[in-house]
Amino acid sequence: MSVRGLGDVYKRQGKSVVLYLKQNDDSTAAKFGFVVAKTVGSAVQRNLVKRRLRSAIRDRMKNFKPGQTLVIRALPSSSQVSWESLTADLDSCLAHVSK
């Protein structure tokens, strides 16, 4: 699972999430997007995953530079993992795409 450069978009897949990071030339604040498909589970499970991902990113916002856009795609396993496992997977992916 190595970082792949897709032009100026970098991708990293973990066990429960896939991250896409793009550096823009503008100086606007960092932007974040979340993709949680129906394959993750019921509406209740999808909303729980979105809330957990938003909370995890909120705690890590200071690590992002202006102009960066981060999209987090939740994999179906994200509804089954614990908070600690989800944040550990997110941190691992962020460490690789931030290099």
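So, here is what we can say about the structure in this document. Here the structure is a predicted model, which means the values were calculated and not measured.

Some points on the overall build of the protein chain
Link 1 in the chain: Within the protein chain one finds two helices and five strands.
Link 2 in the chain: Element order for the protein chain, N to C, with α for helix and β for strand: β-β-β-β-α-β-α.
Link 3 in the chain: A principal-axis box enclosing the C-alpha atoms of the protein chain has dimensions of 40 × 25 × 25 Å.
Link 4 in the chain: In the protein chain, buried positions account for 33% of the 99 residues.
Link 5 in the chain: Considering only contacts within the protein chain whose residues lie at least 6 apart along the sequence, 74% involve residues at least 24 apart.
Link 6 in the chain: On the protein chain, roughly 5,900 Å² of surface is accessible, and the fraction owed to carbon and sulfur atoms is 54%.
Link 7 in the chain: For the protein chain, the distance from the average position of its 18 positive side-chain charges to the average position of its 7 negative side-chain charges is 7 Å.

As for the environment of Val36
Link 1 in the chain: Inspection of the secondary structure puts Val36 in strand S4 (residues 31–36).
Link 2 in the chain: Taking the relative accessible area as the measure of exposure, Val36 reaches 16% and is therefore buried.
Link 3 in the chain: Not counting residues within four places of it along the chain, the set of residues in contact with Val36 comprises Arg46, Val49, Lys50 and Ala74.

As for the pairing of strand S3 (residues 17–23)
Link 1 in the chain: Pairing geometry for strand S2 (residues 9–13) and S3, over five bridges, is antiparallel. Across the sheet, residue Val9 finds its bridge partner in S3, namely Lys22.
Link 2 in the chain: Hairpin connection of S2 to S3: three residues between the antiparallel strands.
Link 3 in the chain: Of the strand pairs in this sheet, S3 and strand S5 (residues 68–74) are connected by seven bridges, and their pairing is antiparallel. Bridging from a neighbouring strand, Gln23 pairs with Gln68 of S5.

Observations concerning helix H2 (residues 83–97)
Link 1 in the chain: An ideal rise of 1.5 Å per residue puts 21 Å on 15 residues; H2 measures up with 21 Å between its terminal C-alpha atoms.
Link 2 in the chain: Looking only at H2, the buried set comprises Leu86, Thr87, Asp89, Leu90, Cys93, Leu94 and Val97. Buried residues in H2, looked at end-on, bunch into an arc of 160 degrees, giving them a common side.
Link 3 in the chain: Turning to H2, the residues buried within the fold contact S2, S3, helix H1 (43–60) and S5.

Structural notes on the pairing of S4
Link 1 in the chain: Relative to S5, S4 runs parallel, the two being bridged by six bridges. Across the sheet, the residue bridging to Gly33 is Val71, located in S5.
Link 2 in the chain: Each parallel crossover has a hand, and the one from S4 via H1 to S5 is left-handed.

The rules we used
- Every chain is numbered independently, its residues counted from 1 as its sequence is written.
- Restriction of local features to residues with pLDDT of at least 70 applies here, the model being predicted, together with a cutoff of 80 or more for giving and counting side-chain atom pairs; totals for whole chains, interfaces and linings are based on all residues.
- As a rule here, side-chain values cover all heavy atoms of the structure and leave hydrogens and water aside.
- Helix and strand assignments come from DSSP, with helices taken as H or I runs of at least 4 residues and strands as E runs of at least 2, each series counted from the N terminus.
- Exposed residues in this analysis have more than 50% of their type's maximum accessible area, buried residues have under 20%, and partly exposed residues fall in between, with area computed by a 1.4 Å probe over protein chains only.
- The contact criterion used throughout is that any non-hydrogen atoms of two residues lie within 4.5 Å.
- For every accessible area listed, the method is Shrake-Rupley and the probe measures 1.4 Å; residues are considered covered only by the protein chains on display.
- Counted charges follow a simple rule, with Lys and Arg positive, Asp and Glu negative, and His plus the chain ends left uncounted.
- A charged residue contributes its charge at one atom only: NZ of Lys, CZ of Arg, CG of Asp or CD of Glu.
- The pairing criterion is simple: DSSP has to find at least two bridges between the two strands.
- In a helix, the anticipated span is given by 1.5 Å times the number of residues less one.
- What the arc covers is the set of directions going from the helix axis to the C-beta atoms.
- Assignment of crossover handedness uses the view with strands pointing away from the viewer, where a clockwise path from the first strand over the helix to the second indicates a right-handed crossover.

Any link to function would need more than the numbers given here.
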